[in-house]
Amino acid sequence: MNVTPLVWGITIAVTIAFFVYEFFAHVRKPHEPTIGESARWSAFYIGLAVVFGVGLGIVSGWDFGGEYFAGYLTEKALSIDNLFVFLIVMTGFAVPRAYQQKVLMIGIVIALILRGAFIAVGAALIANLSWIFYVFGAFLLFLAYRQARGGHESNPADSAFMRLVRRILPVTDEYHEDKLTVRKDGRRWVTPMLLTIVAIGFIDLVFAIDSIPAIYGLTEEAYIVFVANAFALMGLRQLYFLIGGLLERLVYLAQGLAVILAFIGVKLVLHALHVNEVPFINGGQGVEWAPEIPIWFSLTFIGATIAVATIASLVKTRADRRRVDESV
């Protein structure tokens, strides 16, 4: 893609403008969003992402359009998994519902900044090191294995990192509205609100390391990587309040994401073999039998995996609930 600095500048400026509007219109005054408000804004941001993808496909070609939609779906699924961890953090720190918007907003902005940095690093690595695809592929296969075995059983609020933060900083026992610090007894204290944001920021760093190699397995265009991530993060705050109860019912989300990450990992390894320049692999020549998986297949596979994981989760939780009701 031929993306000029002007297009980059406009894209980044519009993204910043959306988040500034979000803060002043919805977050600055603490309140718990209604289901209707969350649903309307979630639909708006998803619709905006779809319209952008269609426009990208018309202007730049549907190969790039397909890469965008595959990347957007993958990043949206990973972001929903991110929301699940946010929910655990909010519960662990007992954040009042009215103040959760502020924590989410700051967390999402931190996520976008970190992902932007990793996107730039990833683009530089891909441009200069062809063997980096082997590293990304192996890393995604490891993440897929960890995701399939894992889940989110530990409480990030009580992690070793947060215990270290508590030892360094004086922390109040109670919230003081949505303030991050307060002065007590002539001394500056941090509130649990600040600790929550620190925990969210640390989690964002981990998720950025996970997600960027995944989308670079679908496209090598840094612009597509950035806009797919930006659109996946837009509306995430509203989605949190809209599907907060549903998150606990997505019991197979981790397994679905593991399948997607493994698929992209294999795709990256096959691509690395196809464009191989590593001397000790096939004499530094490309491996002819290694196929290039087309983007239409990637998009179909990712969409189908998300659909199957969601439907299977809802069927299982409904059956479990029915069995509990019958036993009662």
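For every chain, the first residue of the written sequence is number 1, and numbering continues from 1 onward in sequence order. A pLDDT threshold of at least 70 governs which residues receive local features in this predicted model, and a stricter bar of 80 or more applies before side-chain atom pairs are shown or counted, although totals over entire chains, interfaces and linings include all residues. Side-chain metrics in this entry use all non-hydrogen atoms of the structure; hydrogen atoms and water are not considered.

The name given to the protein chain in an unreviewed UniProt entry is Tellurium resistance protein TerC, with Microbacterium nanhaiense as the source organism. UniProt positions are given in the numbering used here, feature names are shortened, and annotations may be inferred rather than shown by experiment. Its UniProt record gives the protein chain a comment under Sequence similarities (unreviewed entry), which states: "Belongs to the TerC family." Here is the UniProt Subcellular location (unreviewed entry) comment for the protein chain, exactly as written: "Membrane".

Enquirer: Report on the pattern of salt bridges, specifying residues and quantitative values.
Expert: Each salt bridge in this description consists of a side-chain nitrogen of Lys or Arg and a carboxyl oxygen of Asp or Glu lying within 4 Å of one another. For the structure shown, the criterion picks out 6 salt bridges. The partner of glutamate 22 in a salt bridge is arginine 237, with the nearest N and O atoms 2.9 Å apart. A residue pair is termed long-range when its members are at least 10 positions apart, and glutamate 22 in helix 1 (residues 5-27) and arginine 237 in helix 9 (residues 236-242) qualify at 215 residues. For arginine 237, a relative accessible area of 1% corresponds to the buried category. Arginine 115 is the salt-bridge partner of glutamate 75, the closest N and O atoms lying 3.2 Å from each other. Of the two residues, glutamate 75 is situated in helix 3 (residues 62-92) and arginine 115 in helix 4 (residues 97-128); the sequence distance between them amounts to 40 residues. We call a residue buried when its accessible area falls under 20% of the maximum for its residue type, exposed when it is over 50%, and partly exposed in between, using a 1.4 Å probe and counting protein chains only. Judged by relative accessible area, glutamate 75 falls into the buried class, the value being 0%. Sharing partners across several salt bridges, the network here consists of Lys316, Asp320 and Arg323. Each helix corresponds to a stretch of at least 4 residues labelled H or I by DSSP, and each strand to a stretch of at least 2 residues labelled E; elements are numbered beginning at the N terminus.

Enquirer: Tell me about the pairing of strand 1 (residues 181-184), and please be specific about residues and values.
Expert: Strands qualify as paired when DSSP identifies two bridges or more between them. The pairing of strand 1 with strand 2 (residues 187-190) spans 4 bridges and is classified as antiparallel. In the sheet register, valine 182 faces strand 2, and the bridge partner there is tryptophan 189.

Enquirer: Can you explain the environment of glutamate 67? Please cite residues and give values.
Expert: Structurally, glutamate 67 is set in helix 3. Residue glutamate 67 is classed as buried on the basis of its relative accessible area, which comes to 16%. C-alpha separation for the pair glutamate 67 and asparagine 128, spaced 61 residues apart in sequence, amounts to 22 Å. Excluding anything up to four places from it in sequence, glutamate 67 contacts Leu218, Thr219, Glu221, Ile224 and Ile295. By definition in these notes, contact holds between two residues if any of their heavy atoms fall within 4.5 Å.

Enquirer: Kindly report on a nonpolar patch on the surface, identifying the contributing residues and their values.
Expert: Judged by side-chain polarity, Ile46, Val50, Val54, Ile58, Val59 and Trp62 come together as a nonpolar surface patch covering roughly 580 Å² of accessible area. Top element by residues in the nonpolar patch is helix 2 (residues 35-60). It accounts for 5 residues. Looking at the secondary structure, you find isoleucine 46 in helix 2. Each patch is built from residues lacking any salt bridge and having more than 30% relative accessible area; the joining distance is 9 Å for like charges and 5 Å for nonpolar side chains (Val, Leu, Ile, Met, Phe, Trp, Tyr). For the accessible areas, the method is Shrake-Rupley and the probe is 1.4 Å, while residue cover comes only from the protein chains on display.

Enquirer: Tell me about the side chain of threonine 11, and please be specific about residues and values.
Expert: Structurally, threonine 11 is set in helix 1. Exposure remark for threonine 11: the relative accessible area of 13% places this residue in the buried category. Not counting the four nearest positions on each side in its chain, threonine 11 is found in contact with Tyr223, Phe226 and Val227.

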